[in-house]
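These are the residues of each chain, in order.
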Amino acid sequence: MARRGTSDAAFGYIGPMTTRPFYLTSALLLLAAACGDDAVSLDGGSDGDVEAAIDQGQEMNVEMTTDAEIDAGPAQVLEDLPVDESLDVLSEHLTDVVNAVRDELGMWHIYGANLRDVFVVQGFLQARDRAGQMELIRRSAMGRLAEFGGALDPGLVDDDQAARFAGHARNAAAIFATLTVEEQDLIVAHTEGINVYMEQIRDSTVRSPSVLLARSLFTDWSPVEVLSIARLQAASLSFDGEDDARNSENLAAWQENFPVDGAPELVARAGAFHDLFPFQPSPRVYNRDGFPNVDEDTGSRAIPAPRRPGPNVRAPLASLRAATDHFARMEAHYRSIFGGDEFRGSNSWVVSGEHTVSGFPLMANDPHLGLTSPPLFWQAHLNTARAGGDVNTAGQMIAGTPVNLLGFNEDIAWGLTTSGYDVTDVYMEQITPGEGGAPDTVLFNGAQVPIEIVNEEIAVSGQDEPTVVELERVPHHGFIVPGSREDTPDGIRALSVAWTGNAPSNELGAFLGLYTASTADEAREAFRLFEVGGQTLVMATRAGDIDYTSSVLIPIRPPAARTYNPATYEGVSPCFVLDGTGVHEWERDGEGNIVGVDERFIPHDRNPDKGFIATANADPVGVTDDGDPHNDAAFIGCNFAAGHRLARVDERLRELVAGDAITPADMSALQNDAISPHGRFITETLVRELGRALEERDAPGTHADLTAAVAEAADAIDDVAAARDRLAAWSFDTPAGVEGDPDATIVADSIATSIFNLVFSHLAALALDDEYDFFIDGVIDGERRRTNRASTTLDLMVTEPERLVSFDEDTGASILWDDLGTSDVTETMGERMLRATVAALASLEDRLGNDVDMWRWGRLHTLRLNAQVPALGVNPADIPRTDDPTFPDGFPRQGDRGVVDASSFGTFNLTSFSYRSGPQQRLVVELTPDGPRAVNAFPGGNVENPNSPFFRNQMDELWRVNRTAPVPFTEQEVVQAAASRIVFASE
């Protein structure tokens, strides 16, 4: 039944917990408290405050539709709806009246005579819903956080320095200058709407109940600030300078600690670097089999790159350490804005109508970014078609930006996934100091090129003068990484970084093109403009096509830059630091523009025979299948996801396609799939090895490799037997198992999930920490230099050890099982698994008590949507709040490492199994001849105000219980789902 309005009643909760993506520190909160009456309050306020907020236009409780109103017949068109607000605040910016309808889930549907008017209203409504979040995001992108907190928190100055080094504002200014007049005007229109609301905040015309900032700080927005947020997001998803520097740092440490002429136990591991830091995937499943259109053989390994064995580029270790630390700060800055962790990724797939019940194609997309409160995205439906225009599109845009990145129009539905293509290179520069005041220079193509100096002024609260940051820029590469200069016997060396995002591109135009595309060809043509941000596009069309494409600008590296051989560590790779003197340069045209890899080497597909296309951040075509991404027709990257999500999606879609009866509900069920991939890989062997331990208990000496471990575990061996039985009966589903009255099967699976995940963590540490202890003095800042790719290593050690360099033919196992710290004992896989199980059971007992029935996974695996905007004390914008009586530790959640319903945590986590990154939506669209039919769920709500019924409604009613709701799209659907209507007058 349609309803007008939503109550503010409390709902039951399920979900996961996270540590706070610490946006601002407690020092900043003290500053906010000092703002006094000029500050905007974040607390819920009194009843009188709520009433005042309603009077000032804030969405609060609205009455439900009465039976009498329903009997009178549902509204059919916009004009049938009562007007809740008539506003003239935008009149000077509008050419005609604009209607905005908020539906019962909180999404805005904006109807205007032209797209410019729609953009003005969208900017205003976006600011009204998300002003606090938007203010902090834009200051982060522009490097302006210290303006209001740097005096109390020097870390904000560091954040601003990282943003200035990255150059989001500089890049945004360059992008804006290259846009068409029409595109520029649309961004201006968006800012006009934002700025009207910012003025209302400054004038105290409205309250913004979710921001602890002085009103004066809500300054007007510019188009450059809007585009800087977009560039910041692109960098967070595609800039990978840290990977290059860290790979070089790790390899240098490995070769130092595991020399080919060292002690026997070290020599045995000398070739195992790429076992611990693997390029190769774990499950060998790809988006398609090889590059498209490569001569006669479509296999991706058809045209090997030329080999020119030689030494690596050996950057000074101190430079590498400085670079990895700097890039890690940049990554932490990205996380502070977008939340989340290293598990950012996405799932998307499309299915041909030949295999669906309806005969129409289906598109599904759930991108994975930080799960924060409010969400990163804001939902909107934009329509000029009602007035004779050509735009009718619904979806999600990043708060502060002007276009839907994910969504659908009347003819196509599209989703995005991060590609993992390599678009960043770190170069070692040879520096010659300048004399007599002349600038320092770098050697490039035999000549000395002056280093440019860029001074950035950072305003800091409490300081009379700004902090000036001097950045050094190598003209043909990019900025020199701060702290990476090092005096060596061979001269001064430093590291610079090149990223394709430092050149203008037009992602705005790509999505504006998708707004009006009606065919797969038109959508592909529009998406050609999307060069920066590392995204691939899947789409389904009303005409029946399914398509996968990407137009990412992947630089062409010369053969000399891709001679690396993982088996010998000889040669050069874009995955490591390159020589900056001119021998490893990106190809450029006559005007100096980057030349990208030819389209036939950029993975794409359309209407494949298998009946579906799936992407999930894994290697798209198999360039890493052999562990060597350099020996293919083209180099596109080496740092892809391990492939578990893609493998499971591929498996299920093949099963569904075989049945030829796929429904949208099947797609939603697959988005919610929580079958443990590592559980499926490892549990059979784990159960077998624990069985061997029990045989050793019953007949000592039966398995000599287990004798000592079994004797030491004598007091726990009965518990090991019970755990073995539970794991043997596990279905590999990973339910939370703590809410309601779960049946016995759910409870058993939940307990088995807890046991397995604790065993997996302990097993990874027992098997691999002795090797990781050798990296960069073993431990840095209390943390081992581990990698979460170690889960791939562990999978292969258990299931396919012959794929590893460390494989020992005599034992049939990897030598990595043997602990380097015990020279008189040779540890085996079974021994490590037994000890890991004993440690896991002890940890569970310590954490959850002696009653094994209470070892439910949802007591460990939790999620909290932490507020992006700070508050004093308990933050009312946390979901759930830290003082929530039912879920003080966060929502209990299903899932584990690598599941489709993304909910990963670190390989080596021994105490915390909360997660912070996951689906930003669960969109499924069916493209029918009558238009799209869509369902979705949003992790939170469209409004940042905790008092609003649209603050967390979708989290409570949909997302956390893995449900979806229809997305109104036709006018009749929108009207029948309406919660409120605003009419914006024009002059």
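You'll find the structure just up there.
I will try to describe carefully the structure that is included in this document. (Residues numbered from 1 in each chain as written. Predicted model: local features only at pLDDT ≥ 70, side-chain atom pairs only at ≥ 80, totals over all residues. Heavy atoms only, no water.)

A few points about the sheet that holds strand β16 (residues 478–479)
Okay, so step 1: Reading across the sheet, the three strands line up as β14-β15-β16 and stay open at both edges, with antiparallel pairing between neighbours. Each edge of the open sheet carries a strand with a single partner, namely β14 (452–458) and β16.
Okay, so step 2: Note: strand β15 (residues 467–474) against β16, two bridges, orientation antiparallel. Residue pairing in the sheet places R473 in a bridge with F479 of β16.
Okay, so step 3: Sitting on the sheet, helix α6 (residues 154–166) touches β14, β15 and β16, and the angle it makes with β14 is about 140 degrees. (Pairing = 2+ DSSP bridges. Helix = DSSP H or I, 4+ residues; strand = E, 2+ residues; numbered from the N terminus. Contact = heavy atoms within 4.5 Å. Axes fitted to C-alpha atoms, helices over the stretch in contact; angles between N-to-C directions.)

Some details on empty space enclosed by the protein
Okay, so step 1: By the definition in use, this model includes seven cavities of 30 Å³ or more.
Okay, so step 2: Of the pockets and cavities examined, the largest cavity occupies roughly 460 Å³.
Okay, so step 3: Forming the boundary of the largest cavity are 32 residues, of which A230, Q233, L405, F511 and F530 lie nearest the centre.
Okay, so step 4: Of all the secondary-structure elements, those providing two or more residues to the lining of the largest cavity are α9 (223–238), β4 (345–351), β5 (362–370), β10 (412–418) and α14 (507–516).
Okay, so step 5: Ranked by the residues each element gives to the lining of the largest cavity, the list is headed by α9, at seven residues.
Okay, so step 6: Grouping the constituent residues of the lining of the largest cavity by class yields 20 nonpolar, 10 polar and two charged. (1 Å grid on protein atoms, 1.4 Å probe; cavity = no way out; pocket = protein on both sides within 12 Å on 5 of 7 lines; lining within 4 Å. Points joined across faces, edges and corners; volume = space filled by probe spheres on them. Nonpolar A, V, L, I, M, F, W, Y, C, P; charged D, E, K, R; others polar.)

Concerning the environment of P664
Okay, so step 1: Here P664 is to be found in helix α17 (residues 664–671).
Okay, so step 2: Through-space distance from the C-alpha of P664 to that of V925 is 7.5 Å; in sequence the pair is 261 residues apart.
Okay, so step 3: Once residues lying within four places of it in the same chain are set aside, the contact partners of P664 are L362, V924 and E926.

A few points about the pairing of strand β19 (residues 535–541)
Okay, so step 1: Within β19, seven of the seven residues are buried, which leaves the element mostly enclosed by the surrounding structure.
Okay, so step 2: Taken together, the seven bridges between β10 and β19 define a ladder with antiparallel strand orientation. Its bridge partner lying in β19, T418 is registered against Q535.
Okay, so step 3: Direction of pairing for β19 relative to strand β20 (residues 546–549): antiparallel, over a ladder of four bridges. From the neighbouring strand, A540 faces β20, where its bridge partner is I546.
Okay, so step 4: Taking the residues that link successive antiparallel strands as the turn, the β19-β20 hairpin has four residues, and the phi of G544 there is positive, at about 110 degrees. (Buried < 20%, exposed > 50% of the residue type's maximum accessible area, 1.4 Å probe, protein only.)

A word on the sheet that holds β19
Okay, so step 1: If you walk across this open sheet you meet the 11 strands as β1-β35-β2-β3-β7-β8-β9-β10-β19-β20-β22, and the pairing is mixed. Every interior strand has two partners, whereas the edge strands, β1 (85–87) and β22 (605–606), have only one.
Okay, so step 2: Note that strand β3 (residues 108–111) and strand β7 (residues 377–383) share four bridges and pair parallel. Of the residues in β7, the one forming a bridge with H109 is H381.

Points about the pattern of salt bridges
Okay, so step 1: Tallied over the entire structure, the rule returns 56 salt bridges.
Okay, so step 2: Between R284 and D625 there is a salt bridge, with the nearest N and O atoms lying 3.0 Å from each other. Here the residue R284 occupies a position in the loop between α12 (273–276) and α13 (317–338), and D625 occupies one in the loop between β23 (612–615) and α16 (644–659), the gap between them amounting to 341 residues.
Okay, so step 3: On the basis of relative accessibility, which here comes to 41%, the residue R284 falls in the partly exposed class.
Okay, so step 4: Put simply, D605 and R288 hold a salt bridge, and the shortest N to O gap is 3.5 Å. Here R288 lies in the loop between α12 and α13 and D605 lies in strand β22, a separation of 317 residues in the sequence.
Okay, so step 5: Relative accessible area serves as the criterion here: at 14%, D605 is assigned to the buried category. (Salt bridge = Lys/Arg side-chain N within 4 Å of Asp/Glu carboxyl O.)

Some remarks on the side chain of N99
Okay, so step 1: Structurally, N99 can be placed in strand β2 (residues 98–103).
Okay, so step 2: Reaching out from N99, the side chain makes a polar contact with the side chain of R981 at a distance of 2.8 Å.
Okay, so step 3: Residues in contact with N99, not counting those within four places in the same chain, are L78, H109, I110, Y111, R981, I982 and V983. (Polar contact = N/O pair within 3.5 Å; in protein donor to acceptor, adjacent residues only side chain to side chain.)

Overview of the packing of aromatic side chains
Okay, so step 1: On inspection of all chains with the given rule, the structure shows 24 aromatic pairs.
Okay, so step 2: Taking the centre distance of 5.2 Å and the plane angle of 65 degrees together, the rings of W730 and F732 count as edge-to-face.
Okay, so step 3: Accessibility expressed as a relative area gives 5% for W730, which makes it buried.
Okay, so step 4: Residue classification places F732 among the partly exposed residues on the basis of a relative accessible area of 22%.
Okay, so step 5: With centroids separated by 5.8 Å and ring planes inclined at 85 degrees, the aromatic side chains of Y772 and F908 adopt a geometry described as edge-to-face. Here the residue Y772 occupies a position in helix α21 (residues 744–772), and F908 occupies one in the loop between β30 (891–892) and β31 (917–919), the gap between them amounting to 136 residues. By the burial criterion, Y772 is buried, and F908 matches it.
Okay, so step 6: The cationic tip of R922 hangs over the ring face of W959; the distance from NZ or CZ to the ring centre is 4.3 Å.
Okay, so step 7: Directly above the ring of F891 sits R960, whose terminal nitrogen or CZ lies 5.0 Å from the centroid. (Phe/Tyr/Trp six-rings, centres within 6.5 Å; stacked < 30°, edge-to-face > 60°. Lys NZ or Arg CZ within 6 Å of the ring centre and 35° of its normal.)

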